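Inside the fold
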Amino acid sequence: PTDAGVGIPPGLQTDCETLLSRFQETDSVRFEDFAAIWKSMKFGTIFCGKMRNLKKNIFTKEALALAWRYFLPPYTFQIRVGALYLLYGLYGTQPCQPKQKIRVALKDWDEVMKFQQDLLNAQHFDAAYVFRKLRLDKAFHFTAMPKLLSCRMKKKIQQTEITQEFKDPNDRVMKLITSDVLEEMLNVHDHYQNMKQAISADKSKPDKALSLIKDDFFDTIKNIVLEHQEWHRDRKNPSVKSKNKDGEEKSEGNPQESERCERAESLAKIKAKAFSVVVQ
């Protein structure tokens, strides 16, 4: 079996990626920022034009399928939120009666539910509301396969290309040590320290024979993860790193103090997000 779709209309993918690129530049996941870009691009006018009902339905179906593509991994958290807003805008502004629904394969629904939970955990309630509104409007059409299949033979099957600018970087450290893992390690470490103190003869000073690991074991692991996040951020945005170097050169009066302050400030920012951003 092969895809029975007619293919993505010319220019539609370019327009969608332009919209998502501008949303990515805002470094935000707020719906108001997306709506401002949507209005500035007059994106709702993609449905304007003289199209008969059949062609109008096909065009809308392909537009929703294209937006849905960016809503699934391996794209970044921000791009997936932008794709959710894009689906919401396309579904709400489409001229089809009855409305064309968003085709969802059952194998992808678990990933969608996980993404919704991430939205709630990170308190991105505007994005969570948009997803809930789509569900209440019954905008999803659950199917066995992601695309409509037919028995026509096709010599060459087109592979879906992934936009590298939107792709979530493959960071194995972040996949291995997530916020849940860090939190569990902290709980185990605290429980271990309490048990040492409980079975020691001197309650104020635990027996050294019971110290199988260093007391600062968890802090060391956490600092390593935070430093890796900082390195990964500097690698992704070299301009920010160069600015930091320029700032260090200017503060030659007290280099040790400025370096200490800068490191403390950067670590404080990362620590504030350590248990929420890692999963995202």
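For the protein chain, an unreviewed UniProt entry supplies the name Small nuclear RNA activating complex, polypeptide 1 and the organism Jaculus jaculus.

Thoughts on the packing of aromatic side chains
For the structure on display, the rule yields 17 aromatic pairs. Centroid distance Phe34 to Trp38: 6.2 Å. Interplanar angle 40 degrees. Geometry classified as tilted. Of the two residues, Phe34 and Trp38 both sit in helix 2 (residues 31–41), 4 residues apart, roughly one turn of that helix. Residue classification places Trp38 among the buried positions, given a relative accessible area of 13%. Measuring from ring centre to ring centre gives 5.5 Å for Phe77 and Phe115, while their planes differ by 50 degrees; the resulting arrangement is tilted. With Phe77 in helix 4 (residues 77–93) and Phe115 in helix 5 (residues 106–121), the pair connects residues that are 38 residues apart, well separated along the chain. Like Phe115, Phe77 is buried. Connected via pairs of aromatic rings, a cluster forms that spans Trp68, Phe71, Phe77, Trp109, Phe115, Phe131, Phe140 and Phe142. It is Lys99 that lies over the ring of Tyr91; its NZ or CZ is 5.5 Å from the centre.

Digging into helix 2
Considered for burial, the residues of helix 2 that qualify are Phe34, Ala35, Ile37 and Trp38. Taken end-on, helix 2 shows its buried residues confined to a sector of 160 degrees, consistent with a single buried face. In helix 2, the exposed residues that point more than 90 degrees away from the buried face are Glu32, Lys39 and Ser40. Of the surrounding secondary structure, the elements contacted by the buried residues of helix 2 are helix 1 (12–25) and helix 4. The positive-phi residue at the C-terminal boundary of helix 2 is Lys42, with phi of around 50 degrees.

Looking at the nonpolar core
Within the largest apolar cluster, 46 residues are counted, with the highest numbers of intra-cluster contacts made by Trp68, Leu86 and Leu90. Residue assignment for this core shows that the elements contributing at least two residues are helix 1, helix 2, helix 3 (53–69), helix 4, strand 2 (102–105), helix 5 and helix 6 (125–136). The dominant element in this core, judged by the number of residues it contributes, is helix 4, at 10 residues. Apart from the residues lying within four places of it in its own chain, the contact partners of Leu86 are Cys16, Leu19, Phe34, Trp38, Phe43 and Ala67.

Here's the deal with the packing of helix 4 against helix 6
Between helix 4 and helix 6, whose axes approach to 10 Å, the crossing angle comes to 40 degrees. In terms of axis orientation, helix 4 runs oblique to helix 6. Pair helix 4 / helix 6 crosses with left-handed handedness. Contacts between helix 4 and helix 6 involve Val81, Leu84, Tyr85, Tyr88 and Tyr91 from the first element and Asp126, Ala127, Val130, Phe131, Lys133 and Leu134 from the second.

Things to note about the environment of His124
Position of His124 relative to the elements: it lies in the loop between helix 5 and helix 6. C-alpha of His124 to C-alpha of Val29: the two residues are 95 residues apart in sequence and 7.7 Å apart in space. At 3.3 Å, the side chain of His124 forms a polar contact with the side chain of Arg30.

What counts, and where the lines are drawn
Residues numbered from 1 in each chain as written. Predicted model: local features only at pLDDT ≥ 70, side-chain atom pairs only at ≥ 80, totals over all residues. Heavy atoms only, no water. Phe/Tyr/Trp six-rings, centres within 6.5 Å; stacked < 30°, edge-to-face > 60°. Helix = DSSP H or I, 4+ residues; strand = E, 2+ residues; numbered from the N terminus. Buried < 20%, exposed > 50% of the residue type's maximum accessible area, 1.4 Å probe, protein only. Lys NZ or Arg CZ within 6 Å of the ring centre and 35° of its normal. Arc of directions from axis to C-beta. Contact = heavy atoms within 4.5 Å. Core = buried A, V, L, I, M, F, W, Y, C linked by side-chain atoms within 4.5 Å. Axes fitted to C-alpha atoms, helices over the stretch in contact; angles between N-to-C directions. Parallel < 35°, antiparallel > 145°, perpendicular 65-115°, else oblique. Left-handed = near helix turned anticlockwise from the far one by under 90°. Polar contact = N/O pair within 3.5 Å; in protein donor to acceptor, adjacent residues only side chain to side chain.

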